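Below, each chain spelled out in residue letters.
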Amino acid sequence: MPDAVWCGVDPDDLPDGLVVADEHRRVICFNRAAARITARRPDEALGDRVERVLPLEDLDGRRWWQLTDPYGGLSVRRGQPERNLLLPGGREVLVSARYVRAVPTGPLHRLIVSLRGTEARRRTERSHAELIATVAHELRSPLTSVKGFTATLLAKWERFTEDQKRLMLETVDADAARISRLIAELLDISRIDSGRLELRRQPVDLVAAVCRHVEGHLAAGKPRERFRHAVTGPLPRLWADPDKVDQVLSNLLENAVRHGAGTVTIEIAPAQPCRAVAEGITVTVSDEGPGIPEESMSRVFTRFWRGSKRGGTGLGLYIVKGIVEAHGGTITVGRSVAGGAEFRFTLPVGVPAVLA
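Residues numbered from 1 in each chain as written. Predicted model: local features only at pLDDT ≥ 70, side-chain atom pairs only at ≥ 80, totals over all residues. Heavy atoms only, no water.

Focus: the overall build of the protein
For step 1, the next point in the chain: On a plain count of helices and strands, the protein comes out with nine helices and 12 strands.
For step 2, the next point in the chain: Computed over its C-alpha atoms, the radius of gyration of the protein comes to 29 Å, more than 25% above the 21 Å expected for a compact globule of 356 residues.
For step 3, the next point in the chain: Considered along the principal axes of its C-alpha atoms, the protein spans approximately 85 × 60 × 45 Å.
For step 4, the next point in the chain: Here the protein holds 356 residues, and 39% of them are scored as buried.
For step 5, the next point in the chain: If you take every contact in the protein between residues at least 6 apart in sequence, the share linking residues at least 24 apart comes to 60%.
For step 6, the next point in the chain: Carbon and sulfur atoms provide 53% of the accessible area of the protein, an area that totals close to 20200 Å².
For step 7, the next point in the chain: Between the averaged position of the 51 positive side-chain charges in the protein and that of its 46 negative side-chain charges there is a distance of 4 Å. (Helix = DSSP H or I, 4+ residues; strand = E, 2+ residues; numbered from the N terminus. Rg over C-alpha atoms; globule rule 2.2 N^0.38 Å. Buried < 20%, exposed > 50% of the residue type's maximum accessible area, 1.4 Å probe, protein only. Contact = heavy atoms within 4.5 Å. Areas by Shrake-Rupley, 256 points an atom, 1.4 Å probe, with all protein chains shown as cover. Lys, Arg positive; Asp, Glu negative; His and termini not counted. Charge placed at Lys NZ, Arg CZ, Asp CG, Glu CD.)

Details of helix α5 (residues 119-156)
For step 1, the next point in the chain: If you check α5, its first and last C-alpha atoms are 55 Å apart, about what 38 residues at 1.5 Å a residue would give, namely 56 Å.
For step 2, the next point in the chain: A bend of about 30° at R140 is the largest found in α5, and the proline P142 appears one to four places after it.
For step 3, the next point in the chain: Three or more residues of α5 are buried, namely L131, T134, V135, E138, P142, S145 and L153.
For step 4, the next point in the chain: Packing partners of the buried residues in α5 comprise α6 (162-194). (Expected span 1.5 Å × (residues − 1). Bend = angle between axes of the 7 residues up to and from the residue.)

Focus on the sheet that holds strand β4 (residues 91-101)
For step 1, the next point in the chain: As summarised here, the arrangement of the five strands in space is β2-β1-β5-β4-β3, forming an open sheet in which the pairing is antiparallel. Either end of the sheet is taken by a strand with one partner, and the two such strands are β2 (27-30) and β3 (79-87). Strand-to-strand twist across the sheet, computed as the mean angle between neighbouring axes with direction ignored, equals 20°. (Pairing = 2+ DSSP bridges. Axes fitted to C-alpha atoms, helices over the stretch in contact; angles between N-to-C directions.)

Section: the nonpolar core
For step 1, the next point in the chain: Core analysis: the biggest nonpolar cluster contains 46 residues, and V283, F343 and F345 have the highest contact counts within it.
For step 2, the next point in the chain: It is helix α8 (residues 242-259) that contributes the most residues to this core, seven residues altogether.
For step 3, the next point in the chain: Apart from the residues within four sequence positions on either side, F343 is in contact with L252, V283, T284, V285, I292, V300, F301, L317, T332 and V333.
For step 4, the next point in the chain: Judged by nonpolar contacts, the second largest core, of 25 residues, contains A21, V27, A35 and L115. (Core = buried A, V, L, I, M, F, W, Y, C linked by side-chain atoms within 4.5 Å.)

Focus: the sheet that holds strand β7 (residues 227-231)
Hydrogen bonds between backbone groups are what pair the strands of a sheet, and the pairing can be parallel or antiparallel.
For step 1, the next point in the chain: Taken in spatial order, the five strands make up an open sheet running β7-β9-β10-β12-β11, and their pairing is mixed. Edge positions in the sheet fall to β7 and β11 (330-335), since each of these pairs with one other strand and no more. Across the sheet, the mean angle from the axis of one strand to that of its neighbour is 15°, orientation sign disregarded.
For step 2, the next point in the chain: As defined by bridge partners, β11 adjoins strand β12 (residues 341-348) across six bridges and the pair is classed as antiparallel. Residue pairing in the sheet places R335 in a bridge with A341 of β12.
For step 3, the next point in the chain: Set on the sheet, helix α7 (residues 206-219) makes contact with β7, β9 (264-270) and β10 (280-286); between it and β7 the angle comes to about 175°.

Concerning the side chain of D287
For step 1, the next point in the chain: Structurally, the position occupied by D287 is in the loop between β10 and α9 (316-326).
For step 2, the next point in the chain: For D287, which is buried and forms no salt bridge, the nearest opposite charge comes from R226, at a distance of 7.0 Å.
For step 3, the next point in the chain: Those residues in contact with D287 that lie beyond four places of it in its chain are A256, G260, A261, T263, V264, S336, A338, G340 and A341. (Salt bridge = Lys/Arg side-chain N within 4 Å of Asp/Glu carboxyl O.)

Description of the pairing of strand β5 (residues 108-116)
For step 1, the next point in the chain: Bridge analysis of strand β1 (residues 17-21) against β5 gives five bridges, and the strand direction is antiparallel. The residue of β5 that forms the bridge with L18 is S114.
For step 2, the next point in the chain: Sheet topology places β4 next to β5; eight bridges connect them, and they run antiparallel. Note that in β5 the partner of S96 across the bridge is S114.
For step 3, the next point in the chain: In textbook terms, the turn of a hairpin is the stretch between consecutive antiparallel strands, and for β4 and β5 this stretch comprises six residues, one of which, T105, has a positive phi near 60°.

Points about the confidence of the model for the protein
For step 1, the next point in the chain: The predicted model of the protein has a mean per-residue pLDDT of 86, with 92% of residues at 70 or higher.
For step 2, the next point in the chain: When pLDDT is averaged over each helix and strand of the protein, the minimum, 82, is found for α5 and the maximum, 95, for β2.
For step 3, the next point in the chain: Segment residues 1-5 is flagged for pLDDT under 50; beyond a separation of four residues in sequence, or across chains, it makes 11 contacts in the model. (pLDDT = per-residue confidence, 0-100.)

What follows is the structure, given as structure tokens:
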């Protein structure tokens, strides 16, 4: 690698492979990432002809340099868009090229080729495929139920008693609600991944929100001694999206009740000032169950993580993390004093700029 450093950046510091050829097709730059991707040593590549250094072929086995002909083709061309090509041995690589001319429509002065591995793209494609498979699986059961019960009711309405009709309609209603929740999760994931999750900030009483969720579990038949909440005050005034905060609390409490054991403890306290959050509120949700294995801690907030028990889409905690971070907060997972799982999230006070 030559000693030249361009724009204050050493080519070896670039994350992608960089190959630069001069007007005579000779390679004058071959960075460390290019050496890793192509399995060629820089001292072998420098000074050699670019088509020998990068003997690229398309997926049909045609030689890429003969097809593109950057030095002898049309002088109005400015480069090649990124595409999948093959290195010797059938190894796939993402390649794009830029044609640099000293004057417009003049001869080629520099050929700049960018190389990237396909691993990240393949991981994204696998993630999308898993999402589609999960959605199809989760939708099939409730849709089959809805279709079956409605068809039965329409065909044989007079044959059922009022209690039977009510039971079937309640089942249809529950399955329709399940479908609605799944669609809402998908929309949230789309907004989180694209950075378009909208927050409608307003004053939020976190203590009242926690009490409301606990009362909901009590109304569903959970014993009161299953829950304990403690407040360490005084708490600063919190501006957040109340619906999104409810979504976070609902998911964390549901996980603690369903997958944990013993008492579910919810602690609310002022956030300890730190670099990430200067002022805010911290909520800790913990249980006394078996907890999360150490080797799984790093995957808890990824898509489709379900732990040791099946059920659900495995998207809830991924969405929780996206909501908390959209508020400028942080969320962590660990082991509670009692040995169960402990989720702790902190939300900054988040006063809207117009009121600051």
